[in-house]
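# Coordinates in review
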Number of protein chains: 2
Amino acid sequence: MKNVGINGYGTIGKRVADAVACQDDMQIVGVTKRTPNFEAQMAVDKGFPLYISAPDREDLFEEAGIKVTGTIDDLYDKVDVMVDCTPGGIGAKNKEVYAEKGVKGIFQGGEKHEQIGQSFNSFANYQDNWGADFSRVVSCNTTGLCRTLKPIDDLCGIKKVRAVMVRRGADPGQVKSGPINAIVPNPPTVPSHHGPDVQTVMYDLNITTMALLVPTTLMHQHNLMVELENTPSLDEVIEKLESTPRVVLVEANKGLGSTAEIMECARDLGRPRSDLNEIAVWKESLNIKDGELFYMQAIHQESDVVPENVDCIRAMLEMEEDPAKSIEKTNKNMGIM
Amino acid sequence: MKNVGINGYGTIGKRVADAVACQDDMQIVGVTKRTPNFEAQMAVDKGFPLYISAPDREDLFEEAGIKVTGTIDDLYDKVDVMVDCTPGGIGAKNKEVYAEKGVKGIFQGGEKHEQIGQSFNSFANYQDNWGADFSRVVSCNTTGLCRTLKPIDDLCGIKKVRAVMVRRGADPGQVKSGPINAIVPNPPTVPSHHGPDVQTVMYDLNITTMALLVPTTLMHQHNLMVELENTPSLDEVIEKLESTPRVVLVEANKGLGSTAEIMECARDLGRPRSDLNEIAVWKESLNIKDGELFYMQAIHQESDVVPENVDCIRAMLEMEEDPAKSIEKTNKNMGIM
């Protein structure tokens with residue numbers, strides 16, 4: 001049984017904590033929080049030992065009446081790996097502390113690949129992370145791209161990918177981000193960073209991406225144009241994606257014609273927080289034209305990377321050599337399709 | 001002086017009426033309205049003779065106290081051309097009536113090319129509409145694509161275009177359309193109709209499009225990937241677009257990083273209804289990579305086709321043989337850059 005700490009019990013951290021807690025080969029020994037908000041209280045209520053990430057903020061937690069087990073300095077000794085879910089940019093600084101304390105660290109997509117030195121996706125490069133001290137689970141968008149591009153590459157080879165990423169402006173619980181009524185090229189330059197980010201785990205993929213923000217909170221949406229080495233039949237592509245874990249085909253004509261309807265369906269699945277860890281590919285959108293595959297997919301930005309964090313723990317702590325077995329185990333315990 | 005009627009004084013109709021009224025070689029002799037709403041009253045206030053498009057609705061106008069000049073049947077004799085700005089699908093039915101009455105008709109992008117038999121864009125195929133009885137000004141999105149693709153094709157030849165069209169969910173004044181908080185593949189199939197629609201005016205262009213709806217009302221946004229026959233320098237592309245009428249380059253780093261900021265700038269221009277008839281191309285987004293040009297542009301859906309309607313009148317009524325001269329005249333009178 002491996003011991004896992006979560007540094008930063010926020011949007012991603014609380015989800016990774018639950019995902020780790022439902023595995024049978026790892027457990028949560030502590031989660032950290034900087035601010036004594038409702039999430040901190042709920043961590044305690046769930047039975048996760050709570051540690052304050054900034055020692056000088058003990059007063060705040062005392063005032064808020066939230067009982068803590070200690071500060072982050074008391075947690076390092078207890079963990080085999082720290083999953084760092086702090087806001088983008090903080091993780092890279094934390095890495096130095098983890099190195100000092102002799103603690104392995106898993107970071108999120110908000111960190112730069114260059115600063116962590118290694119990136120992770122369960123399907124693309126699990127084995128390259130075997131025993132690593134530090135790695136970075138690529139962002140929700142990059143994970144979404146890898147989830148479908150890897151099986152397509154396996155099936156028929158990819159010459160070139162072009163993708164336009166339509167990103168949600170904020171998460172459902174965020175009130176300070178925009179836009180409210182605009183489309184924002186983000187970045188306004190081409191290519192966006194997503195292509196190079198995919199290349200941190202699918203090293204040789206030829207990919208160019210463009211990205212923008214729109215006023216919605218539910219999911220990202222991707223538009224993919226994939227030039228293929230060999231042209232399979234559309235049925236072969238559908239079969240391949242249907243048999244790929246963490247990918248689901250959805251049909252607009254069955255009432256799943258938008259990100260809103262997909263997330264409504266996810267609520268019916270009854271998972272924690274009504275999450276959808278799978279990438280949803282619109283079946284109708286799949287089309288092959290002149291050796292090029294077109295499709296559209298939707299990404300639940302808050303949850304798709306969560307199972308990847310669990311697999312990353314197994315790779316870095318040398319718990320399971322076969323990525324397929326880790327993926328299957330993670331999925332089974334989380335109820336993922 | 002040619003006499004123009006507007007059938008359907010709504011979002012597009014009222015704008016075309018104003019654009020025609022400010023030219024010196026054509027005038028508005030009547031506009032029609034089906035419903036006695038604020039737009040009907042404003043047409044009267046502006047001095048446009050108002051005709052009821054459905055004779056059985058005279059009571060409604062009388063009740064509303066809106067003074068009309070007659071019904072549409074009284075208008076046919078007075079016009080050299082009727083610009084049909086009725087909702088999509090109605091125009092094709094009206095075409096039969098116009099043919100009976102011996103009146104030329106210009107339709108909007110909501111009609112099908114096949115039903116009208118001819119389509120129009122000022123830059124792409126003005127001369128092919130010389131003396132035509134019926135034509136259709138292609139939709140706002142298609143017009144936006146033509147505005148930038150035509151000069152690029154002229155500059156260096158186009159091998160293949162891929163475009164992802166991020167469409168506004170509703171116009172600012174619409175309250176019954178969605179989405180409020182979702183991304184909607186629309187259509188959920190690939191390709192969308194926009195590619196074939198471009199081909200109704202740029203006949204030989206190899207183009208594939210994907211389209212979706214997002215919760216915004218201000219503008220459409222396009223993401224373009226254009227494989228070129230010959231590779232120019234980026235400066236040559238910028239120069240070409242800067243010298244193309246009805247196209248403006250905008251810079252995110254000058255505070256124009258989104259559709260909201262672009263439309264805020266348009267309000268400062270002081271045009272009727274704060275419209276932006278030009279296509280706004282983000283200068284920073286222009287990039288050439290492996291012989292492929294990438295860029296992003298924004299389209300003011302309510303107004304970009306308006307000057308095209310004016311040019312279409314000149315072509316169909318054989319008023320000006322040279323498209324460049326018509327474009328220049330229209331622009332000068334409307335204050336377009």
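Calculation criteria
- Residues numbered from 1 in each chain as written.
- Chains lettered and ligands numbered in written order.
- Predicted model: local features only at pLDDT ≥ 70, side-chain atom pairs only at ≥ 80, totals over all residues.
- Heavy atoms only, no water.
- Phe/Tyr/Trp six-rings, centres within 6.5 Å; stacked < 30°, edge-to-face > 60°.
- Axes fitted to C-alpha atoms, helices over the stretch in contact; angles between N-to-C directions.
- Helix = DSSP H or I, 4+ residues; strand = E, 2+ residues; numbered from the N terminus.
- Parallel < 35°, antiparallel > 145°, perpendicular 65-115°, else oblique.
- Left-handed = near helix turned anticlockwise from the far one by under 90°.
- Contact = heavy atoms within 4.5 Å.
- Nonpolar A, V, L, I, M, F, W, Y, C, P; charged D, E, K, R; others polar.
- Salt bridge = Lys/Arg side-chain N within 4 Å of Asp/Glu carboxyl O.
- Buried < 20%, exposed > 50% of the residue type's maximum accessible area, 1.4 Å probe, protein only.
- Buried area = accessible area lost by both parts, 1.4 Å probe.
- Polar contact = N/O pair within 3.5 Å; in protein donor to acceptor, adjacent residues only side chain to side chain.
- UniProt positions renumbered as here; feature names shortened; annotations may be inferred.
- Patch = residues over 30% accessible without salt bridge, like charges linked within 9 Å, V, L, I, M, F, W, Y side chains within 5 Å.
- Areas by Shrake-Rupley, 256 points an atom, 1.4 Å probe, with all protein chains shown as cover.
- Lys, Arg positive; Asp, Glu negative; His and termini not counted.
- Charge placed at Lys NZ, Arg CZ, Asp CG, Glu CD.
- Least-squares fit on C-alpha atoms with pLDDT ≥ 70 in both.
- Pairing = 2+ DSSP bridges.
- Core = buried A, V, L, I, M, F, W, Y, C linked by side-chain atoms within 4.5 Å.

### Structural notes on the packing of aromatic side chains
One pass over the full model with this rule turns up 10 aromatic pairs over all chains. Members of the aromatic cluster, each reached through a chain of ring pairs, are A:Tyr76, A:Tyr98, A:Phe107 and A:Phe134.

### Overview of the packing of helix H1 (residues 13-21) of chain B against helix H12 (residues 306-316) of chain B
All names here are of chain B. Running from N to C, H1 and H12 point in directions that differ by 55°, and their axes come no closer than 9 Å. Between H1 and H12, the crossing angle belongs to the class labelled oblique. Our pair here, H1 against H12, has a crossing hand that is right-handed. Taking contact as the criterion, the partners of Arg15, Val16, Ala19 and Val20 in H1 are, on H12, Val306, Asn309, Val310 and Ile313. Its residues assigned to classes, the contact of H1 with H12 shows 6 nonpolar, 1 polar and 1 charged.

### A look at the environment of B:Cys146
Residues and elements named next belong to chain B. The residue Cys146 is located in helix H8 (residues 140-156) in this model. When the C-alpha atoms of Cys146 and Lys160 are compared, they prove to be 14 Å apart, with 14 residues separating the residues in sequence. The residues touching Cys146, leaving out its near neighbours within four places in the chain, are Asn121, Pro151, Val198, Val201 and Met202.

### Quick look at the packing of helix H1 (residues 11-21) of chain A against helix H11 (residues 306-316) of chain A
Residues and elements named next belong to chain A. Taken N-terminus to C-terminus, the directions of H1 and H11 make an angle of 55°; their axes are 9 Å apart at the nearest point. By the angle between their axes, H1 is oblique relative to H11. Crossing geometry of H1 relative to H11 is assigned as right-handed. On H11, the residues touching Arg15, Val16, Ala19 and Val20 of H1 are Val306, Asn309, Val310 and Ile313. Residues that form the contact of H1 with H11 fall into these classes: 6 nonpolar, 1 polar and 1 charged.

### Considerations on the pattern of salt bridges
Counted by the stated rule, this structure contains 50 salt bridges over all chains. The residue A:Glu227 makes a salt bridge to A:Arg162 at a minimum N-O spacing of 2.7 Å. Here A:Glu227, found in strand S12 (residues 220-228), pairs with A:Arg162, found in strand S9 (residues 158-168); they are 65 residues apart in sequence, far enough to count as distant. Here the two residues A:Glu227 and A:Arg162 agree in accessibility, since each one is buried. Connected through salt bridges with shared partners, the residues A:Lys160, A:Arg162, A:Glu227, A:Glu292, B:Lys160, B:Arg162, B:Glu227 and B:Glu292 form a single ionic network.

### Here we look at the interface of chain B and chain A
Accessible area lost when the parts come together is the quantity often used to give the size of an interface. Taken together, the contact pairs 47 residues of chain B with 47 residues of chain A. Summing both sides of the interface, chain B and chain A together bury roughly 3,600 Å²; the carbon and sulfur share of this comes to 64%. For the interface between chain B and chain A, the tally reads 6 salt bridges. Residue A:Glu292 pairs with B:Arg162 through a salt bridge whose shortest N-O separation is 2.6 Å. Linking chain B to chain A there are 16 residue pairs in polar contact (both at pLDDT 80 or more).

### Thoughts on the UniProt feature "binding site: D-glyceraldehyde 3-phosphate" (unreviewed entry) in chain A
Residues and elements named next belong to chain A. As recorded in UniProt, the sites labelled "binding site: D-glyceraldehyde 3-phosphate" (unreviewed entry) are Ser139, Cys140, Asn141, His194 and Gly195. These annotated residues cover 57 residues of sequence, and their C-alpha atoms all fall within 13.1 Å of one another, placing them together at a single site. Residue Asn141 is classed as buried on the basis of its relative accessible area of 3%. Apart from the residues lying within four places of it in its own chain, the contact partners of Asn141 are Met165, Arg167, His194, His220 and His222. One can find His194 in helix H8 (residues 194-198). Among residues more than four places away in sequence, those in contact with His194 are Asn141, Thr142, Leu145, Met165, Arg167, Thr209 and Ala211. Within the local environment of His194, its side chain forms a polar contact with the side chain of Ser192, the two groups lying 2.8 Å apart.

### Regarding a negative patch on the surface
Residues and elements named next belong to chain A. A contiguous patch of negative charge, built from Asp56, Glu58, Asp59, Glu62, Glu63, Asp74 and Asp77, is present on the exposed surface. Looking at which element gives the most residues to the negative patch, the answer is helix H3 (residues 58-63), with 4 residues. Along the chain, the position of Asp56 falls in the loop between strand S3 (50-52) and H3. We classify Asp56 as exposed; its relative accessible area is 67%.

### Brief notes about the relation of the copies chain B and chain A
When chain B is fitted onto chain A, the two copies agree to an RMSD of 0.0 Å after a turn of 180° and an axial shift of 0.0 Å. The superposition of one copy onto the other is thereby described by a two-fold rotation axis. Considering only C-alpha atoms, the residue of chain B closest to the rotation axis is B:Pro215, which sits at 2.9 Å. Most of the interface of chain B is mirrored in chain A: 100% of its interface residues are interface residues there too.

### As for the pairing of strand S5 (residues 81-84) of chain A
Residues and elements named next belong to chain A. Alternating residues of S5 divide into Val81 and Val83 and Met82 and Asp84, and every residue in both groups is buried. With 4 bridges joining them, strand S1 (residues 2-7) and S5 adopt parallel strand pairing. Considered in S5, the bridge of Ile6 is made with Val83. Strand direction decides the pairing type here: S5 and strand S6 (residues 104-107), joined by 3 bridges, are parallel. Each bridged residue has a counterpart across the sheet, and for Met82 the counterpart in S6 is Gly105.

### Section: the nonpolar core
Core analysis: the largest hydrophobic core is formed by 46 residues, its most contacted members being A:Val166, A:Val214, A:Ile262, B:Val166, B:Val214 and B:Ile262. Excluding anything up to four places from it in sequence, A:Ile262 contacts A:Met219, A:Val250, A:Leu256, A:Leu276, A:Ala280, A:Trp282 and A:Ala298.

### Quick notes on the environment of A:Pro187
Relative to the elements of secondary structure, A:Pro187 occurs in the loop between strand S10 (184-185) and H8. For A:Pro187, a relative accessible area of 23% corresponds to the partly exposed category. Once the C-alpha coordinates of A:Pro187 and A:Ala315 are considered, the two residues, 128 residues apart in sequence, prove to be 33 Å apart. Excluding residues within four positions of it along the chain, A:Pro187 makes contact with A:Ser192, A:Ala211 and B:Met296.

### A closer look at the pairing of S1(A)
Here S1(A) pairs with strand S2 (residues 26-33) of chain A via 6 bridges, running parallel. For A:Gly5, the partnering residue across the bridge sits in S2(A) and is A:Gly30.

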